[in-house]
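Architecture at a glance
Below are the chains, spelled out letter by letter.
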Amino acid sequence: MNTDAPWPGLDEARSRVLVIQTKLHRWATDGPDRRFDDLFNLVCDPAFLTVGWDRVRGNRGARTAGVDGVKPRSIGAKDGEEFLRELRDDLKARSFAPLPVRERMIPKTSGKLRRLGIPTARDRCVQSSLKLVLEPIFEADFKPCSYGFRPMRRAQDAIEEIHHFGRLSYEWILEGDITSCFDEISHSALLDRVRDRIADKRVLGLVKAFLIAGILTEDGAVRGSKTGTPQGGILSPCLANIALSALDEHFAEAWETTMAANYDRVRRRRHGLPMYRLVRYCDDFVVLVSGTKAQAEALKVETAAVLSTVGLRLSEEKTSVCNINEGFVFLGFQIQRRRKRGSNKVYVYSWPCKKALASIMAKVKAITKQGTDQPLSLVLRQLNSALHGWAVYFRHGCSKQTFNYLGRYTWLRVVGWLRRKHRRATWKAIRRRYLMLPGKGLVPHDAGIVLFNPASVPVTRYRYRGSKIPNPWTERTMTTGTVE
């Protein structure tokens, strides 16, 4: 592979990266025991750095700075090329060293705080390039039961997997909650798993350098990091999946050796033995069990033992076993098996959980509690962005009634905001100026922006894809010329 070519443009870089990633993925798939060497030159390759930098500048984190105070979005296109050239020279000279991540504590809905680690712009670019190299290799090893932070896989795939097995007598659910997953991953265990595939010591050294870079806390002290990978780094989800793949492999091996064939499942049922499947989305997972509650409880101990090999612990308080008829919450969906109205048949249904609905309603309330010195169009733009993303995520569940309720609630909040903004105006004047829209009834609008109604999103069934989900590095994807 020619890594000394002239600095490429973005389109040329994307095409080159896709070709190389496809080769890496094919080699990893064809050789399950193959260890890759000489990958460091790819991390330093101008094409990989260009695509990595484009992703860094294109995400929402581009507005935040690391410990050096430099925001990626503040680096222009002309300065960006010089920035990448200097970064590549440092990598080639082996003088690049990651700086500590900047700690930022953000509140969780439970009232606790979540620690985010914000790397510098330079570190983010190198992490992004490193991820472009590692991801197609490890994607060949990841199991189909894992859905989080993997290309072309969605939360809806995980939900549909639960639907599928919930219809097949897998009625006991082990809801797993890992205590501080990103903070407690064992560095040695993680590096051992990376070392199983990567033989290039320079790449291994780079991964280790990011893991032990340390944290600049909010009170200004630098704290070392003996475990974990900072949540907020571009490379962290990939490394977390590599560590948690130990759990995937354990359950996949149990299924393939004792439960994959139909006669195996018949034999296990005859002897009163359970069947079970894992569905994981990053550090959130459930185990679906066809058996008894006691057998599902026993899997809790087994799961904890597997997680301990990578330094992780199950939360005793939040890990529990329930029946699918009682219902449980996973990835924002309430999932429950119920009898269909007007019949004796039972189906597995999913809809937005109360916590998810309360979250979007709180966001709507916060937006409409802002001062009234701004135009309605700005409020509508903020509301539309929040409502549209939320409705699109939940459109594959039984969400129509929830969408109607949310649309009505938002309409009342906007009208209340208008009444506060124009205290002396009559309802007739407000309705004529802001609400009357020909052919659509009373819909808040201003400057060409119309309030988005979640009820307008069609509710459709998500197609179950099982283990046949493609990845971006097939021959078919190559011909499209796309990277994602």
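Here the structure is shown first, and the text comes after it.
This report concerns the structure included in the present document. (Residues numbered from 1 in each chain as written. Predicted model: local features only at pLDDT ≥ 70, side-chain atom pairs only at ≥ 80, totals over all residues. Heavy atoms only, no water.)

1. What to know about the overall build of the protein chain
- Looking only at helices and strands, the protein chain has 17 helices and 15 strands in total.
- Its C-alpha atoms give the protein chain a radius of gyration of 25 Å, near enough to 23 Å, the size a compact globule of 484 residues would have.
- Structurally, the protein chain occupies a C-alpha span of about 75 × 70 × 50 Å along its principal axes.
- For the protein chain, restricting intrachain contacts to residue pairs at least 6 apart in sequence, the fraction spanning at least 24 positions comes to 71%. (Helix = DSSP H or I, 4+ residues; strand = E, 2+ residues; numbered from the N terminus. Rg over C-alpha atoms; globule rule 2.2 N^0.38 Å. Contact = heavy atoms within 4.5 Å.)

2. Details of the pairing of strand 10 (residues 333–339)
- Summarising burial for strand 10: five of the seven residues are buried, a large majority.
- The pairing of strand 9 (residues 328–330) with strand 10 spans three bridges and is antiparallel. Bridge pairing in strand 10 links valine 329 to glutamine 334.
- The antiparallel pairing of strand 9 with strand 10 creates a hairpin that spans two residues between the two strands, and leucine 331 there sits at a positive phi of about 55°.
- As paired strands, strand 10 and strand 11 (residues 346–352) are joined by seven bridges and run antiparallel to one another. For isoleucine 335, the partnering residue across the bridge sits in strand 11 and is serine 350. (Buried < 20%, exposed > 50% of the residue type's maximum accessible area, 1.4 Å probe, protein only. Pairing = 2+ DSSP bridges.)

3. Looking at the environment of alanine 298
- Within the secondary structure layout, alanine 298 lies in helix 12 (residues 293–308).
- When the C-alpha positions of alanine 298 and leucine 174 are compared, they lie 9.9 Å apart, and in sequence the two are 124 residues distant.

4. Considering the nonpolar core
- Counting residues in each nonpolar core, the largest one holds 132 residues, and the members touching the most others are Leu39, Leu130, Ile198, Val287, Phe328 and Phe330.
- In this structure leucine 130 touches Val43, Val203, Leu206, Val207, Phe210 and Leu235, once residues within four positions along its chain are discounted. (Core = buried A, V, L, I, M, F, W, Y, C linked by side-chain atoms within 4.5 Å.)

5. Regarding the pattern of salt bridges
- What the rule picks out here adds up to 23 salt bridges.
- For the salt bridge of aspartate 38 with arginine 202, the shortest nitrogen-to-oxygen distance reads 3.2 Å. Pair noted here: aspartate 38 is in the loop between helix 1 (10–30) and helix 2 (40–43) and arginine 202 is in helix 9 (residues 201–211), with a separation of 164 residues, a long-range link.
- Using a relative accessible area of 27% as the deciding quantity, one classes arginine 202 as partly exposed.
- A salt bridge links aspartate 183 to arginine 115; the nearest nitrogen and oxygen atoms lie 3.6 Å apart. Of the two residues, aspartate 183 sits in helix 7 (residues 181–184) while arginine 115 sits in strand 2 (residues 113–118), which places them 68 residues apart along the sequence.
- Accessibility expressed as a relative area gives 30% for aspartate 183, which makes it partly exposed.
- When salt bridges that share partners are traced, they join Glu103, Arg115, Asp183 and Arg223 into one network. (Salt bridge = Lys/Arg side-chain N within 4 Å of Asp/Glu carboxyl O.)

6. A word on the sheet that holds strand 11
- Taken together, three strands build an open sheet; the order of strands is 9-10-11 and the sheet is antiparallel. What marks the edges here is a single partner per strand, and that holds for strand 9 and strand 11. Taking each pair of neighbouring strands and ignoring which way they run, the sheet shows an average axis angle of 35°. (Axes fitted to C-alpha atoms, helices over the stretch in contact; angles between N-to-C directions.)

7. Looking at the environment of aspartate 373
- Among the structural elements, aspartate 373 can be located in the loop between helix 13 (354–368) and helix 14 (376–393).
- Sequence separation of aspartate 373 and lysine 421 is 48 residues, and the distance between their C-alpha atoms is 7.6 Å.

8. Here we look at the packing of aromatic side chains
- As enumerated under the stated definition, the model contains 12 aromatic pairs in all.
- Where phenylalanine 96 meets phenylalanine 210, the ring centres are 6.2 Å apart and the plane angle is 55°; that geometry is what we call tilted. With phenylalanine 96 in the loop between helix 4 (77–92) and strand 1 (101–107) and phenylalanine 210 in helix 9, the pair connects residues that are 114 residues apart, well separated along the chain.
- Between phenylalanine 165 and tryptophan 255 the ring centres are 6.4 Å apart and the planes differ by 85°, which places this aromatic pair in the edge-to-face class. Highlighted residues: phenylalanine 165 in helix 6 (residues 155–166) and tryptophan 255 in helix 10 (residues 236–258), separated in sequence by 90 residues. (Phe/Tyr/Trp six-rings, centres within 6.5 Å; stacked < 30°, edge-to-face > 60°.)

9. Considering helix 11 (residues 262–270)
- For helix 11, the set of buried residues is Asp264, Arg265 and Arg268. One side of helix 11 carries all its buried residues, which in axial view fall inside an arc of 95°. Among the exposed residues of helix 11, those oriented more than 90 degrees off its buried face are Asn262, Tyr263 and Arg270.
- For helix 11, the elements touching its buried residues are helix 10 and strand 6 (275–281). (Arc of directions from axis to C-beta.)

10. Some remarks on a positive patch on the surface
- Taken together, Arg57, Arg60, Arg63, Arg73 and Lys363 make up a surface patch of like positive charges.
- Following the sequence through the fold, arginine 73 ends up in the loop between helix 3 (46–58) and helix 4. (Patch = residues over 30% accessible without salt bridge, like charges linked within 9 Å, V, L, I, M, F, W, Y side chains within 5 Å. Areas by Shrake-Rupley, 256 points an atom, 1.4 Å probe, with all protein chains shown as cover. Lys, Arg positive; Asp, Glu negative; His and termini not counted. Charge placed at Lys NZ, Arg CZ, Asp CG, Glu CD.)

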